[in-house]
Amino acid sequence: MRIGFIGAGKMGFTLGKYLVEKNLTEISKELDYSVSGYYSQNIESAKTAAAFTDTNYYDKLEELINACDIIFITVPDGKISEVVRQLDEFGTIKGKIICHTSGALSSQVFSGMNNMIYGYSVHPIYAVSSKTESYKNFSECFITIEGNEEKLDIITMLFRQFGHNMEVIKCDDKVKYHSAAVFASNLVVGLYHMSVELLKECGFSLDKANCALKPLFINNAKNIYNCNELKDSLTGPVQRADVTTIRKHIDVLDDNSANVYKLLSNELLSIVNTEKNESYKEIQDILGGQK
């Protein structure tokens, strides 16, 4: 199976390099494949990606289509539909396996194509922050796949052979699935930023705020990663049923911060065993929740 990439950004670099490296180092593989190379509207980007992965670059989209059996669309989400329309103009796309790597879009983006293809969304739950470094830890990521059942085993096999944890999901669940990933990644950054701003209001410099919070942040992440049950990683006033401290926190926060505090503290109540302490009823009243 010959694999090609349309788009030479961070994901294209990372996934291409990862597959090339795995193909060179893994002795036994379920799926025999090779990475053919890259096409990009920016030819220099395609050339750079090809040089980085020791593969080819293609001047024309049709050349990549003809050279490949599996095509990964690794362009920004807003460009995927445009690429799909371009692909549909070539009759030689018929019968190919086409994948995009968007977290938010489903395989339905391929549904309007006149040519019969096998379409999939393949999303790594992984923060691709660098074109040239992110491939090194890509084997750790969890991968979700959804799309046409007929060739699904080929796509799952591609990643299963390298030990990835995977889940095949339904098309209708794709957006909710992606929102879950955003909660665990991007929105956490927002919460961290709120913490920094609160410390700055207390007179901390930005450097001192980060110095204080980063160890707390990383150790808490490690506790979540290592715990058997989420409740085992929980500390703080909700876990202790500390009514007085919770009241004091809410009193000193502005409306926006207080609302976030109440919402997330209320969520924590669904993790702890509230039946063991009558104070949790009072906390529920303070937070205005129904957990």
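What you see is a predicted model; the values in this text were computed from it and never measured.

Criteria and cut-off values
Residues numbered from 1 in each chain as written. Predicted model: local features only at pLDDT ≥ 70, side-chain atom pairs only at ≥ 80, totals over all residues. Heavy atoms only, no water. Helix = DSSP H or I, 4+ residues; strand = E, 2+ residues; numbered from the N terminus. Buried < 20%, exposed > 50% of the residue type's maximum accessible area, 1.4 Å probe, protein only. Contact = heavy atoms within 4.5 Å. 1 Å grid on protein atoms, 1.4 Å probe; cavity = no way out; pocket = protein on both sides within 12 Å on 5 of 7 lines; lining within 4 Å. Points joined across faces, edges and corners; volume = space filled by probe spheres on them. Nonpolar A, V, L, I, M, F, W, Y, C, P; charged D, E, K, R; others polar. Salt bridge = Lys/Arg side-chain N within 4 Å of Asp/Glu carboxyl O. Core = buried A, V, L, I, M, F, W, Y, C linked by side-chain atoms within 4.5 Å. Phe/Tyr/Trp six-rings, centres within 6.5 Å; stacked < 30°, edge-to-face > 60°. Arc of directions from axis to C-beta. Polar contact = N/O pair within 3.5 Å; in protein donor to acceptor, adjacent residues only side chain to side chain.

Q: Quick rundown of the environment of Ser 233? Include the residues and the values.
A: In this fold, Ser 233 is placed in the loop between helix 8 (206-226) and helix 9 (237-240). Using a relative accessible area of 8% as the deciding quantity, one classes Ser 233 as buried. Distance from Ser 233 to Asn 223, taken between C-alpha atoms, is 5.3 Å for residues ten residues apart in sequence. Filtering out sequence-adjacent residues up to four positions away, Ser 233 remains in contact with Asn 220, Asn 223, Ile 224 and Cys 227.

Q: Now, about the layout of surface pockets: what can you tell me, with residues and values included?
A: In this structure, the largest pocket encloses a volume near 2,400 Å³. Lining the largest pocket are 41 residues, and of these Val 188, Leu 191, Asn 220, Leu 264 and Leu 268 lie nearest its centre. Breaking the lining of the largest pocket down by element, the ones donating at least two residues are helix 6 (174-184), helix 7 (186-201), helix 8, helix 9, helix 10 (243-252) and helix 11 (255-268). Put simply, the second largest pocket is a space of about 1,100 Å³. Lining the second largest pocket are 38 residues, and of these Met 11, His 123, Pro 124, Tyr 126 and Val 128 lie nearest its centre. Where the lining of the second largest pocket is concerned, the elements lending two or more residues are helix 1 (10-25), helix 4 (77-88), strand 6 (118-125) and helix 6. With six residues, the top contributor of residues to the lining of the second largest pocket is helix 6. Across the lining of the second largest pocket, the residue classes break down as 20 nonpolar, 13 polar and five charged.

Q: Provide a residue-level description of the pattern of salt bridges, including the pertinent values.
A: When charged atoms on two side chains of opposite charge get close, those side chains can pair. Considering all chains together, one arrives at ten salt bridges under this definition. Across the salt bridge formed by Arg 160 and Glu 30, the nearest N and O atoms sit 3.1 Å from each other. With Arg 160 in helix 5 (residues 152-160) and Glu 30 in the loop between helix 1 and strand 2 (34-39), this pair connects stretches of sequence that are 130 residues apart. The shortest N-O distance in the salt bridge between Lys 200 and Glu 197 comes to 3.3 Å. Of this pair, Lys 200 and Glu 197 both sit in helix 7, three residues apart, roughly one helical turn. By relative accessible area, which is 29% here, Glu 197 ends up partly exposed.

Q: Give me the lowdown on the nonpolar core, citing residues and values where you can.
A: If you look at the biggest cluster of nonpolar residues, it comprises 35 residues, and the most contacted ones within it are Leu 19, Phe 72 and Val 122. The contact partners of Leu 19, leaving out residues within four places of it in the chain, are Ile 3, Phe 5, Tyr 33, Val 35, Leu 158 and Phe 162. Counting 21 residues, the second-largest nonpolar core is a separate cluster that includes Phe 90, Phe 110, Met 113 and Ile 117.

Q: Give a description of the packing of aromatic side chains that names residues and reports values.
A: Summed over the entire model, instances satisfying the criterion amount to nine aromatic pairs. Arranged with centres 5.6 Å apart and planes meeting at 20°, the rings of Phe 5 and Phe 72 form a pair that is stacked. Pair noted here: Phe 5 is in strand 1 (residues 2-6) and Phe 72 is in strand 4 (residues 70-73), with a separation of 67 residues, a long-range link. For Phe 5, a relative accessible area of 0% gives the class buried. Where Phe 52 meets Tyr 135, the ring centres are 5.9 Å apart and the plane angle is 75°; that geometry is what we call edge-to-face. Taken together, the residues span a long stretch of sequence, with Phe 52 in helix 2 (residues 43-53) and Tyr 135 in the loop between strand 6 and strand 7 (142-147) at a distance of 83 residues. Judged by its relative accessible area of 16%, Tyr 135 is buried.

Q: Explain helix 6 to me, and be specific about the residues and the numbers.
A: Within helix 6, the full set of buried residues consists of Lys 174, Tyr 177 and Ala 181. In an axial view of helix 6, the angular spread of the buried residues amounts to 65°, which keeps them on one side of the axis. For helix 6, the exposed residues lying more than 90 degrees away from the buried face are Val 175, Lys 176 and Phe 183.

Q: Can you lay out the side chain of Ser 107 for me, pointing to particular residues and giving the numbers?
A: Mapped onto the elements of the fold, Ser 107 is located in the loop between strand 5 (97-100) and strand 6. According to the relative accessible area criterion, Ser 107 is buried, its value standing at 12%. Among residues more than four places away in sequence, those in contact with Ser 107 are His 100, Gly 119, Tyr 120, Ser 121, Glu 146 and Gly 147.

Q: Mind laying out unusual backbone geometry, listing which residues take part and the relevant values?
A: What is expected of a backbone is that most residues other than glycine have negative phi and most peptide bonds are trans. Of note, the phi angle at Asp 54 is positive, near 60°, even though the residue is not glycine. Here Asp 54 is to be found in the loop between helix 2 and strand 3 (56-57). One non-glycine residue, Ala 241, lies in positive phi territory at about 55°. Its location among the elements puts Ala 241 in the loop between helix 9 and helix 10.

Q: Requested: an account of the environment of Ala 180, with residues and values cited.
A: Along the chain, Ala 180 turns up in helix 6. Each C-alpha atom, one on Ala 180 and one on Met 113, is 29 Å from the other, the two residues being 67 residues apart in sequence.

Q: Hey, could you go over the environment of Tyr 33 for me, with residue numbers and the actual values?
A: Relative to the helices and strands, Tyr 33 resides in the loop between helix 1 and strand 2. The exposure class assigned to Tyr 33 is buried, which follows from its relative accessible area of 3%. Once the C-alpha coordinates of Tyr 33 and Leu 230 are considered, the two residues, 197 residues apart in sequence, prove to be 40 Å apart. For Tyr 33, the residues in contact, after removing those within four places along its chain, are Met 1, Ile 3, Leu 19, Lys 22, Asn 23, Leu 158, Gln 161 and Phe 162. Separated by 2.5 Å, the side chain of Tyr 33 and the backbone oxygen of Leu 19 make a polar contact.

It is worth stressing that arrangement in space is one thing and function is another; only the former is reported here.
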